[in-house]
Amino acid sequence: MNTPPLRTLTEENIILAALGALGFCVSGIYCLYHVFNILQLTVSDDHQKEVLNISTLKRNFNFNLALFGVSVLGLYITFIIQALDPFHETTPWILQVCNDFLIATCEYAYVNYSSSRGSKIIVHVYPHLKLFLSRLNKSIPFLVYAPIIPAIINAFNFTQPHFIPPNIFPAVEKCLSAIAAIAVLVFDSIFLSGFIKFVSTIQENLKENTDPSFLIIARHGRIACAAVIAATGFYGFACAFEDYSFNYNIMVFMGYNCLSAVLIAITLMKVRMARQLQQSRCTTEGVKPTVIDVTHNGLKNAVRLSEER
């Protein structure tokens, strides 16, 4: 019986696995940072200590932010598996299905987070885009999860005898992924540009009465927007290289880094807004506040202030 030759990992595979582990650790740290800070702020209220339960924590944790963070961690895991198991022909195609699902979940969670964060603000700034944004928001789930279908067919095609020409569905999958990325980019660009414009208007009109949380949102929103655009660019550059080559994987890794930057930006935004709200309420009322969904309430107050003007 012939023994198959022993195949060892190359230096490139080890580098990719190490990079993936580094990205996983950094993203994981910020996920834990979010959990720790929200828990700390939640239990800091004497009244909240008596009624602290699962419902209380679910109100204070943003589900979409948590979903986004878990999906980013999952992307790094699949990246590491691909780097450490490059010898099986079917592994890349099976992992591609997982990647498409995780990326779609990232996009879906981020759009939902952006929508809940500032839909009223954007409609206030761009009222003529209300119908367009509503329809785009409803179509996003179908667009972002569409690439999974050709990815599943393509994985099955590589695990079974080729009953379909092998080059068809990878091209369809990439095309659908590009459409989804463009839709998310358009949605996020409109949201963030409109929100930054609104914050600038608030600063000009209210000057010394401007809520400091608006500046926090604008600063972190710009970072998140730039990171989304950069991630789309790296995914585009990856298509210029051979699938699963070293250069391809480096571009994909850079795209994942950009998603980590989005996670860091929106995590810091949420935590710093919570701390800012707690500090301001302690100063003005002389009491300890309970932790609420500061993003929603901060934006709702911004709309109210603008309408009063």
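A quick note: this is a predicted structure, and the numbers were derived from the prediction, not measured.

A tally of regular secondary structure across the protein chain gives 11 helices and 0 strands. The order of helices and strands in the protein chain, counted from the N terminus, is α-α-α-α-α-α-α-α-α-α-α. Residues classed as buried in the protein chain amount to 44% of the 309 residues present. Within the protein chain, counting contacts between residues at least 6 apart in sequence, those at least 24 apart form 78% of the total. Carbon and sulfur atoms provide 65% of the accessible area of the protein chain, an area that totals close to 16200 Å².

Looking at where E107 falls in the secondary structure, it is placed in helix α5 (residues 91-125). According to the relative accessible area criterion, E107 is buried, its value standing at 15%. Filtering out sequence-adjacent residues up to four positions away, E107 remains in contact with V144, A180, A181 and V184.

Over its 16 residues, helix α6 (residues 130-145) extends 24 Å from the first C-alpha to the last, a length consistent with the 22 Å expected when each residue adds 1.5 Å. Considering bend angle alone, the principal kink of α6 is centred on S139 and spans about 40 degrees; proline P141 follows within four residues of it. All of the buried residues in α6 are L133, L136, I140 and V144.

The biggest cluster of nonpolar side chains holds 55 residues, and the ones touching the most others in it are F68, Y110, V262 and I266. For this core, the secondary structure elements donating two or more residues are α1 (11-43), α4 (63-84), α5, α6, α8 (168-206), α9 (212-238) and α10 (246-285). Per element, the largest residue contribution to this core is 12 residues, and it comes from α10. For Y110, the contacting residues outside a window of four places in its chain are F68, R117, D188, L192, A224, V228, V262 and I266. Counting 5 residues, the second-largest nonpolar core is a separate cluster that includes W93, V97, I148 and A151.

Attention shifts here to the packing of aromatic side chains. Tallied over the entire structure, the rule returns 9 aromatic pairs. Taking 6.0 Å as the distance between ring centres and 65 degrees as the angle between the ring planes, the aromatic pair formed by Y30 and Y33 counts as edge-to-face. On the criterion of helical spacing, the pair formed by Y30 and Y33 is a turn pair, its members being 3 residues apart in helix α1. Since its relative accessible area comes to 25%, Y30 is described here as partly exposed. Look at Y76 and F253: their rings are 6.4 Å apart centre to centre, the planes differ by 65 degrees, and that puts the pair in the edge-to-face class. With Y76 in helix α4 and F253 in helix α10, this residue pair connects regions lying 177 residues apart in the sequence.

A cluster of nonpolar residues, L9, I14 and L84, forms a patch on the protein surface that exposes about 250 Å² of accessible area. Along the polypeptide, L9 turns up in the segment before α1.

A word on the environment of L84. Residue placement: L84 occurs in helix α4. Overall, L84 belongs to the partly exposed group, its relative accessible area being 44%. For the pair L84 and L16, spaced 68 residues apart in sequence, the C-alpha to C-alpha distance is 8.6 Å. Excluding residues within four positions of it along the chain, L84 makes contact with L9 and A17.

A few words now on the side chain of E173. Topologically, E173 is positioned in helix α8. Buried and unpaired, E173 has no salt bridge, with K174 as the nearest side chain of opposite charge at 6.5 Å. Within the structure, E173 has its side chain in polar contact with the side chain of Q96 (distance 3.3 Å). Excluding residues within four positions of it along the chain, E173 makes contact with Q96, D100, P147, P150 and A151.

What counts, and where the lines are drawn
- Residues numbered from 1 in each chain as written.
- Predicted model: local features only at pLDDT ≥ 70, side-chain atom pairs only at ≥ 80, totals over all residues.
- Heavy atoms only, no water.
- Helix = DSSP H or I, 4+ residues; strand = E, 2+ residues; numbered from the N terminus.
- Buried < 20%, exposed > 50% of the residue type's maximum accessible area, 1.4 Å probe, protein only.
- Contact = heavy atoms within 4.5 Å.
- Areas by Shrake-Rupley, 256 points an atom, 1.4 Å probe, with all protein chains shown as cover.
- Expected span 1.5 Å × (residues − 1).
- Bend = angle between axes of the 7 residues up to and from the residue.
- Core = buried A, V, L, I, M, F, W, Y, C linked by side-chain atoms within 4.5 Å.
- Phe/Tyr/Trp six-rings, centres within 6.5 Å; stacked < 30°, edge-to-face > 60°.
- Patch = residues over 30% accessible without salt bridge, like charges linked within 9 Å, V, L, I, M, F, W, Y side chains within 5 Å.
- Salt bridge = Lys/Arg side-chain N within 4 Å of Asp/Glu carboxyl O.
- Lys, Arg positive; Asp, Glu negative; His and termini not counted.
- Polar contact = N/O pair within 3.5 Å; in protein donor to acceptor, adjacent residues only side chain to side chain.

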